[in-house]
Amino acid sequence: MTFENTAGPEKQQAVAVRCSGDFSVFFRCSFQGYQDTLFVISQRQFYRLCDIYGTIDFIFGNAVAVLQNCNICVRKPMSHQQNVITAQGRTDPNQNTGIVIHNSIVKAMVGRHKTYLGRPWQKYSRTVFMKCDLDSLIDPKGWLPWEGSFGLSTLYYGEYMNTGTGGRVGWSGYHVISSSTEAQKFTVANFLAGGAWISAAGVPFTSGL
């Protein structure tokens, strides 16, 4: 199934899917847009073998969301723009929310446009890329500020066993995760507590790393 917003990059924010349903499961779906393609607004959400296309903040929101074995497809932006994959919206450090992209591929659709893994939409933004194949289009710094120093010491951005070039940002909120124990916190089993409800949907998943 394909969900598409055909507004194009010149229309700026143009959501293809806005999901706030608890225990949401998407399997072999395609989400196509440019800016703000997939709005993971709230609750527990799981995406498996999906293709997500976009340019700016194209996976965003404040759900407890895991995207596993997906293709993150970066499109050509307008000439004055740079691409950002995620903009996570956690507003309180006690919220259990975040965006986890696991065992997925980040790739360019057209050209080599400067791209970042994420930027902090809210003060406690939390995003983790684990065991992903990151195309060379990703800027070596990896992550982009939202505005000035906003959120840079309070966010949690993590990377675990990704491929690709590095030289990442030096923010206190950024973490190179070297411990499998720390990485396990962001798995389907622990982050989503997803074993039972994803199994009930009949969708394959990896519970651990």
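I will try to describe carefully the structure that is included in this document. (Residues numbered from 1 in each chain as written. Predicted model: local features only at pLDDT ≥ 70, side-chain atom pairs only at ≥ 80, totals over all residues. Heavy atoms only, no water.)

**Observations concerning the overall build of the chain**
What counts here: Only DSSP runs of H or I reaching four residues or more are called helices, and only runs of E reaching two or more are called strands; each is numbered from the N terminus. Only the C-alpha atoms count toward the radius of gyration. The rule for a globule is 2.2 Å times the residue count to the power 0.38. The criterion used for residue contact is that any of the two residues' heavy atoms lie within 4.5 Å. Using a 1.4 Å probe, the Shrake-Rupley method yields the accessible areas, and only the shown protein chains count as cover for residues. By the counting scheme adopted, Arg and Lys are positive, Glu and Asp are negative, and His together with the chain ends is not counted. Charge coordinates come from a single atom per side chain, which is NZ of Lys, CZ of Arg, CG of Asp or CD of Glu.
Counting its regular elements, the chain contains three helices and 18 strands. Since a compact globule built from 209 residues should have a radius of gyration of about 17 Å, the 16 Å found for the chain is in line with a globular shape. The principal-axis extents of the C-alpha atoms in the chain amount to approximately 45 × 40 × 30 Å. Nonlocal contacts in the chain, meaning residues at least 24 apart in sequence, comprise 60% of its contacts between residues at least 6 apart. Accessible surface for the chain amounts to roughly 8,900 Å². Of this, 47% is attributable to carbon and sulfur atoms. Within the chain, the 13 negative side-chain charges are centred at a point lying 2 Å from the centre of the 18 positive side-chain charges.

**Brief notes about the side chain of N162**
Rules: Polar contact is defined as a pair of N or O atoms within 3.5 Å, subject to the rule that within protein one atom must be able to donate a hydrogen and the other to accept it, and that residues adjacent in sequence are counted only when both atoms are side-chain atoms.
With respect to the helices and strands, N162 occurs in the loop between β17 (156–160) and β18 (174–176). Separated by 3.1 Å, the side chain of N162 and the backbone nitrogen of K131 make a polar contact. At 3.2 Å, the side chain of N162 and the side chain of E159 are in polar contact. Setting aside anything within four residues of it in sequence, one finds N162 in contact with F129, M130, K131, C132 and L134.

**Looking at the nonpolar core**
Let me state the cut-off plainly: What we call a nonpolar core is a set of buried Ala, Val, Leu, Ile, Met, Phe, Trp, Tyr and Cys residues that are connected through their side-chain atoms within 4.5 Å. A 1.4 Å probe rolled over the protein chains alone gives each residue an accessible area, and that area as a share of the maximum for its type sets the label: buried under 20%, exposed over 50%, partly exposed in between.
One finds Y47, I52, L67, I72 and I85 to be the most contacted residues of the largest nonpolar core, which totals 35 residues. Taken together, the elements giving at least two residues each to this core come down to β2 (17–19), β5 (38–40), β8 (56–61), β9 (64–68), β10 (71–74) and β12 (98–102). When sequence neighbours within four positions are dropped, the list of residues in contact with I52 reads F31, L38, F58, I59, L67, C70, N71, I72 and C73. Within the second largest apolar cluster, 17 residues are counted, among which are A183, F191, L192 and V203.

**Here we look at the pairing of strand β6 (residues 44–48)**
To be explicit about the condition: When DSSP finds at least two bridges between two strands, those strands are taken to pair.
Among the five residues of β6, four are classified as buried, and the element is accordingly described as predominantly covered. Across four bridges, the pairing between strand β3 (residues 24–27) and β6 is parallel. Across the sheet, V25 pairs through a bridge with F46, a residue of β6.

**A few points about the sheet that holds β5**
Short version of the rule: To get an axis, fit a line to the C-alpha atoms, keeping to the stretch in contact for a helix; angles then go from 0 to 180 degrees between the N-to-C directions.
On the basis of which strands lie adjacent, the open sheet formed by five strands has the order β2-β5-β8-β11-β14 and parallel pairing. Only two strands of the sheet have a single neighbouring strand rather than two, namely β2 and β14 (115–118). Sheet twist, expressed as the average angle between the axes of neighbouring strands with direction ignored, equals 15°. Here strand β11 (residues 83–88) pairs with β14 via three bridges, running parallel. By the bridge assignment for β14, V84 is matched with Y116.

**A closer look at the pattern of salt bridges**
Applicable threshold: Here, a salt bridge means any Lys or Arg side-chain nitrogen found within 4 Å of an Asp or Glu carboxyl oxygen.
Using the criterion set out here, one finds five salt bridges in the structure. One salt bridge in this structure joins K185 and E182, with 2.8 Å as the shortest N-O distance. Judged by relative accessible area, K185 falls into the partly exposed class, the value being 47%. Accessibility expressed as a relative area gives 23% for E182, which makes it partly exposed.

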